[in-house]
Every structure is written in structure tokens, then in C-alpha cells.
Amino acid sequence: MGEIYDVVIVGSGPAGLSAAVYAKRAGLNMLVLEQAAMSGGQILNTYEVDNYPGVPKIGGFDLAVNMREHAKSLGAAFATDTVGALEDGFPYKTLRGEKGSYKARSVILANGARHRLLGVPGEEKLTGHGVSYCATCDGMFFKDKTVAVVGGGDTAIGDAILLSRTCGRVYLIHRRDKLRGAGSLQKQLFSLENVTFLPDTEVAEITGETVVTGLRIRNKKDGKETGLSLQGVFIAVGIIPETEVWKNLVETDKAGYIRAGEDGVTSVPGIFAAGDIRTKPLRQVVTAAADGANAVISAERYLSENMHNESI
């Protein structure tokens, strides 16, 4: 039959790595399945993290390495594989990957979400070097500088308001003539003297060799292109949860996020969700790490209550 793990953790971002630490400290037989060879998830693309308690101004890559090394030092097991299916069952569940199948008494889904991209030249090359998808994370790095926010919903408006408090000038670029965000947010936005709204405008290119130096923008009504000199671009056009494999198994909301509270409990007994993949108001490294810990505590409870005849 092969080895049956107490818990298999899918994903090795902050949520998955935190879960690995807590699972090993709990004495659980566990495995982390990671799609990429390098752990860390989205923080690998973050030049500097300055809001994780106790480790100010640490590089995203360095923080990811530290988190993985912490889990490894406790004996956490890792395997690189892409999971294509999860079959619910009792007393164990089966995860089917490209390289093999894995059996587990409980599963923690922590494979995160990805930012929706603009898909314009320069975006990929300059991500982490002036292109950011998180104003809360990176806004302070652009103190007194000129930046742009791309988007028209609540997140984009909120980002522009937040950045206006530290940046010298903020451009809010939206491809439609009107913003989609809440009226109260719009009222606050339009009261700010250092924010300029550019409607009916789309980004054609993000310019710069090693860091962002500007944008090439296009007016959608007349097609005219102009240049905009700035040092940072915050893209807020949505996030896509990585739930395609799980959506027919666990309950999700309209946006595709797994419905789970702070305890990580999903609609399927023995399956838990942690990090950006679940419904939550704030997606940060610190909240992902907390989710990983909570999910393990819930998994422990599930195992103790349901596996009386199984060795744990």
C-alpha cells in the first residue's frame, strides 16, 4: 500500500512551511509537496520584506530560505511534484501527482494564489524591482517617490490612498472611464491632492533596464501613447486562487477561494486550507504563517477524534 502520512501539506510558501514546522513539532508523520524546486511561493519575487515581525528588511529569498531551513532542521520531508487530483476517503485520502501518489490521513491545502498579471512588456522582468503586487508590503520602499497603481476596484483605490501617505505623487490608472470601487473610497481618493486619476488608460509597457523608470500608457479613446516617468508600479487587477484542482471537492466562494475560517476547516472532513488559498480579508506573510499553524492544530484534532484505530 505504501506509506500513509498523518498529514500531507500541498504548497511550500509561508503557510505550507509554517505548517511543516508545527506538524514536526507535533510529532506527525508528514510530507510537503511543492510544485517548484525552491520553497517560498510569492515571497521569492519580493525584493525586501519589512513587515514580518522580528526580521526587518530581509530579502524575500532569504526569508524563504530561512523558513525552509527551519522546517528541514526539524526533520520535515519534502517532495517536488505537481498534484493533479485529490481523492477523498477514509481512513486516508489520496493525492495523485505527476511523479506518484501519496496517501494521507489529513491534507492541508496551502498552494496559495497568484496575482493576475497585466501581461505587458517589462512586467515579468521588473517584478520585485519596482513592479509590485502588494502596496501594503512594499509601499514604504517608495517614500517620496512617484508611483502608479493599476486597477479600478476597492483594492486599487485602497492602494492609491495608502501610497498617497508616503509617496510624493500617485497615479491611478484604470482602463474604464469610471472606478468600480466603493463610493466612500472614491470620495476619499478624490480629496487627495497628490493623487492623479487617469481614466480610459491602459499600460502598454513598463520601462526600465534593471529597475522601473516609467510607463508607456495608451489612451483607449484616441489610441495616443505617452510616457510617464516614475519609480514604482503597483498592479491591483485581481488575484487568482490556485484552486482549480480542488474546486469540485471542497466548497469555494464565487472568486474561487476555499471557504475556511481561521481554523482552516473546509467543507470536507480531514482537508484543511491555509494561506492565500482560503477566504480571508488580509493576505500577508504573517497571516499565512498563522494559517499554517492553525491548520495543523485542526488536523491534530481531526486525527485524535477520528483515527482511534490507526497509529498516528
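Here, every reference points to the structure presented above.
Residues numbered from 1 in each chain as written. Predicted model: local features only at pLDDT ≥ 70, side-chain atom pairs only at ≥ 80, totals over all residues. Heavy atoms only, no water.

Trainee: Where do I start with the packing of aromatic side chains in this structure?
Mentor: The description of an aromatic ring pair rests on the distance of the ring centres and on the angle between the ring planes. Under the counting rule described, the total for this entry stands at 3 aromatic pairs. Ring centres of Phe142 and Phe234 lie 5.4 Å apart, and the angle between their planes is 75°; on these two criteria the pair is classed as edge-to-face. With Phe142 in the loop between helix 4 (135-138) and strand 9 (146-150) and Phe234 in strand 15 (residues 232-235), this pair connects stretches of sequence that are 92 residues apart. Neither Phe142 nor Phe234 differs from the other in exposure class; each is buried. Positioned above the aromatic ring of Phe78, the side-chain terminus of Arg68 is 4.0 Å from the ring centre. Arg283 extends its terminal NZ or CZ atom over the ring of Tyr257, reaching a point 3.9 Å from the ring centre. (Phe/Tyr/Trp six-rings, centres within 6.5 Å; stacked < 30°, edge-to-face > 60°. Helix = DSSP H or I, 4+ residues; strand = E, 2+ residues; numbered from the N terminus. Buried < 20%, exposed > 50% of the residue type's maximum accessible area, 1.4 Å probe, protein only. Lys NZ or Arg CZ within 6 Å of the ring centre and 35° of its normal.)

Trainee: Explanation requested: the pattern of salt bridges in the structure shown.
Mentor: Two side chains of opposite charge can pair, provided their charged atoms sit close to one another. For the coordinates displayed, the defined rule picks out 15 salt bridges. A salt bridge links Asp6 to Arg105; the nearest nitrogen and oxygen atoms lie 2.9 Å apart. With Asp6 in strand 1 (residues 4-10) and Arg105 in strand 6 (residues 101-109), the pair connects residues that are 99 residues apart, well separated along the chain. One exposure class covers both Asp6 and Arg105, and it is buried. Linking Arg96 and Glu87 is a salt bridge whose minimum nitrogen-to-oxygen distance equals 2.7 Å. A relative accessible area of 35% places Glu87 in the partly exposed class. (Salt bridge = Lys/Arg side-chain N within 4 Å of Asp/Glu carboxyl O.)

Trainee: What should I look at first to understand helix 2 (residues 60-73) in this one?
Mentor: Side chains of residues three or four places apart in an α-helix project in the same direction, reflecting 3.6 residues per turn. A rise of 1.5 Å per residue sets the reference length of helix 2, with its 14 residues, at 20 Å; its end C-alpha atoms lie 20 Å apart and thus fit the reference within 8%. Of all the positions in helix 2, only Gly60, Leu63, Ala64, Met67, Arg68 and Ala71 are classed as buried. Each buried residue of helix 2 sits inside an arc of 130° when the element is viewed along its axis, so together they form one side. Looking at the packing, one finds that the buried side of helix 2 touches helix 1 (14-25), strand 2 (30-34), strand 3 (78-80) and helix 7 (285-306). Just downstream of helix 2, Gly75 is the residue with a positive phi angle, here 100°. (Expected span 1.5 Å × (residues − 1). Arc of directions from axis to C-beta. Contact = heavy atoms within 4.5 Å.)

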